[in-house]
Amino acid sequence: MGDTAETLKVTPLHALHKELGARMVPFAGYDMPVQYPTGILTEHKHTRASAGLFDVSHMGQVKLTGADPAKALETLVPGDIQALDVGKMRYTVFTNDQAGILDDFMVNKRDRDLFVVFNAGCKDNDLAHARANLKGVEIDYLESHALLALQGPAAVAVLARLNSVVQAMSFGMGATLALGKYEAFVTRSGYTGEDGFEISVANDQAEEFARWLLSQPEVKPIGLGARDSLRLEAGLALYGHELDPTTTPIEAGLNWTISKRRREEGGFPGAAIVQQQLKDGPARKLTGIQPEGRAPAREGTEILNSETGERIGVVTSGGFGPSVDAPIAIGYVATQYAAPDTPLSLMVRGKALPARTCKLPFIAKRYAK
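Basis of the calculations
- Residues numbered from 1 in each chain as written.
- Predicted model: local features only at pLDDT ≥ 70, side-chain atom pairs only at ≥ 80, totals over all residues.
- Heavy atoms only, no water.
- Phe/Tyr/Trp six-rings, centres within 6.5 Å; stacked < 30°, edge-to-face > 60°.
- Helix = DSSP H or I, 4+ residues; strand = E, 2+ residues; numbered from the N terminus.
- Buried < 20%, exposed > 50% of the residue type's maximum accessible area, 1.4 Å probe, protein only.
- Lys NZ or Arg CZ within 6 Å of the ring centre and 35° of its normal.
- Pairing = 2+ DSSP bridges.
- Axes fitted to C-alpha atoms, helices over the stretch in contact; angles between N-to-C directions.
- Contact = heavy atoms within 4.5 Å.
- 1 Å grid on protein atoms, 1.4 Å probe; cavity = no way out; pocket = protein on both sides within 12 Å on 5 of 7 lines; lining within 4 Å.
- Points joined across faces, edges and corners; volume = space filled by probe spheres on them.
- Nonpolar A, V, L, I, M, F, W, Y, C, P; charged D, E, K, R; others polar.
- Parallel < 35°, antiparallel > 145°, perpendicular 65-115°, else oblique.
- Left-handed = near helix turned anticlockwise from the far one by under 90°.
- Core = buried A, V, L, I, M, F, W, Y, C linked by side-chain atoms within 4.5 Å.
- Expected span 1.5 Å × (residues − 1).
- Arc of directions from axis to C-beta.

**Structural notes on the packing of aromatic side chains**
In step 1: Following the criterion strictly, the structure yields seven aromatic pairs and no others.
In step 2: Plain terms: the ring middles of Tyr91 and Trp256 are 5.8 Å apart, the flat faces sit at 15° to each other, and that makes the pair stacked. Taken together, the residues Tyr91 in strand S5 (residues 89-95) and Trp256 in the loop between helix H7 (224-233) and helix H8 (260-265) connect sequence positions 165 residues apart.
In step 3: For the pair Phe105 and Phe118, a centre-to-centre distance of 5.1 Å together with 85° between the ring planes defines the contact as edge-to-face. With a gap of 13 residues between them, Phe105 in strand S6 (residues 101-109) and Phe118 in strand S7 (residues 114-118) connect regions that are remote in the sequence. The pair Phe105 / Phe118 is uniform in exposure class, with both members buried.
In step 4: A connected cluster of aromatic rings, assembled from ring pairs, spans Phe94, Phe105 and Phe118.
In step 5: Arg110 extends its terminal NZ or CZ atom over the ring of Phe185, reaching a point 4.6 Å from the ring centre.
In step 6: The ring of Tyr332 has Arg284 lying over it, and the distance from NZ or CZ to the ring centre is 4.2 Å.

Written out as structure tokens, the structure reads:
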């Protein structure tokens, strides 16, 4: 990463991570916990079975205010932000003039503003991009707030001990709530494939709030390692892997994020390319990949035509799926090979190993309806 301990930023929970015995690593300019003493496999399975607490304070929390921030934001994203109701959230992307993805993020419509959460590694560029292009919009970076994710089937029971209102929230809803003595902006959301919440709370309350959550019998701390294996099983794209400035939303299978009005009207960077790919289809597509043996195919693994040996794509994320007890991968292949159950070969350590394409996700998502 090139970061040194002296230059790394820390989150408000940094001391708590160290107290809990976390193994810390440089990530997106921050000193972050990759795992705790129980290990990634145990953390992964605990999140699927009960509730895991993730520190995601390194991400960029931003507030957009002004006369019409939703209309302004639509000049930079293909998502239908103007149709968003108060208390609801929407996933969208910044695009460039080639329809490549500059970042993917959530937009929350609140009473007086839009609340967005940018990826940690992109947030500085995102802020500069927004400030240069969103005319008449005030952009506030909320450095004053930490962000915690409580994920897993027991998350709602735990958080309801502080405020029972969370039980009535469906996935994709957000509200400013009192959680006991803490005021927080809470969304029923997350990136694990499980039910759960992301909770924005003031920095000076974050550690005490995290300690309360960890005092509940269902909750254990979870690091970046399990966060990655959880999102991979859920078939969720990760910026810098599945998504980057050379990849379009249509190649990445994000057609569902673009409403009929936005498809017809355009008005965002790269709109003509998106419209063309929606009409004719892209040259490559993101697909799930199931290796047939036990050897995992990591990021960068070449994907080959199983008969001719011709290179037809590349793995963007891969590893072992603890919940499916098998190696799993996501990658881009030429469109003619993207149909489920297409045989492929993966070049792993110099050997062409058999694999097949498959539908995503690898596990059933359990979001609250």
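Let us keep going from here.
**A word on the sheet that holds strand S11 (residues 182-187)**
In step 1: Spatial strand order, S10-S11-S12-S9-S3-S13: six strands in an open sheet with mixed pairing. Looking at the sheet topology across the chains shown, the edges are occupied by strand S10 (174-179) and strand S13 (219-221). In this sheet, adjacent strand axes meet at a mean angle of 30° when their direction is disregarded.
In step 2: In terms of strand pairing, strand S3 (residues 51-55) meets strand S9 (residues 145-151) through four bridges, oriented antiparallel.

**Overview of the environment of Val56**
In step 1: Along the polypeptide, Val56 turns up in the loop between S3 and strand S4 (60-66).
In step 2: The exposure class of Val56 is buried, given its relative accessible area of 0%.
In step 3: With 301 residues separating them along the chain, Val56 and Thr357 place their C-alpha atoms 32 Å apart.
In step 4: Those residues in contact with Val56 that lie beyond four places of it in its chain are Leu147, Leu148, Ala149 and Arg227.

**Regarding the layout of surface pockets**
In step 1: Counted as a void, the second largest pocket has a volume near 200 Å³.
In step 2: As for the second largest pocket, its lining consists of 15 residues, and the residues nearest its centre are Tyr30, Ser57, Lys123, Tyr141 and Glu143.
In step 3: Among the residues making up the lining of the second largest pocket, the classes are represented as seven nonpolar, five polar and three charged.

**Considering the packing of helix H2 (residues 40-49) against H7**
In step 1: The contact between H2 and H7 brings their axes to 8 Å, and the two run at 55°. Put simply, H2 runs oblique to H7. Like other packed secondary-structure pairs, H2 and H7 cross with a definite hand, here right-handed. Along the contact surface, H2 presents Ile40, Glu43, His44, Thr47 and Arg48, while H7 presents Gly225, Ala226, Ser229, Leu230 and Glu233.
In step 2: Taken together, the residues that form the contact of H2 with H7 break down as three nonpolar, four polar and three charged.

**Comments concerning the sheet that holds S7**
In step 1: The five strands are arranged S5-S6-S7-S4-S8 in an open sheet whose pairing can be described as antiparallel. At either end of the open sheet lies a strand with only one pairing partner, and these are S5 and strand S8 (137-141). With direction set aside, neighbouring strand axes in the sheet form an average angle of 30°.
In step 2: The sheet contact formed by S6 and S7 spans four bridges and is antiparallel. Each residue of the ladder has a partner; that of Met106, found in S7, is Val117.

**Overview of the nonpolar core**
In step 1: If you look at the biggest cluster of nonpolar residues, it comprises 29 residues, and the most contacted ones within it are Leu150, Leu159 and Phe209.
In step 2: Only S3, S9, helix H5 (155-160), S10, S11, strand S12 (196-202) and helix H6 (203-215) provide two or more residues apiece to this core.
In step 3: In terms of residues, this core owes the most to one element, H5, which gives five residues.
In step 4: Those residues in contact with Leu159 that sit more than four places away from it in its chain are Leu150, Val166, Leu179, Val186, Phe197, Ile199, Phe209 and Leu213.
In step 5: Counting residues in each nonpolar core, the second largest holds 20 residues, with Ala70, Phe94, Leu114 and Ile139 among its members.

**Focus: H6**
In step 1: In this model, H6 (13 residues) spans 19 Å end to end at C-alpha, consistent with the 18 Å of a helix rising 1.5 Å per residue.
In step 2: Within the sequence span of H6, burial applies to Ala206, Phe209, Ala210 and Leu213. Taken down its axis, H6 places every buried residue within 105° of arc, on the same side.

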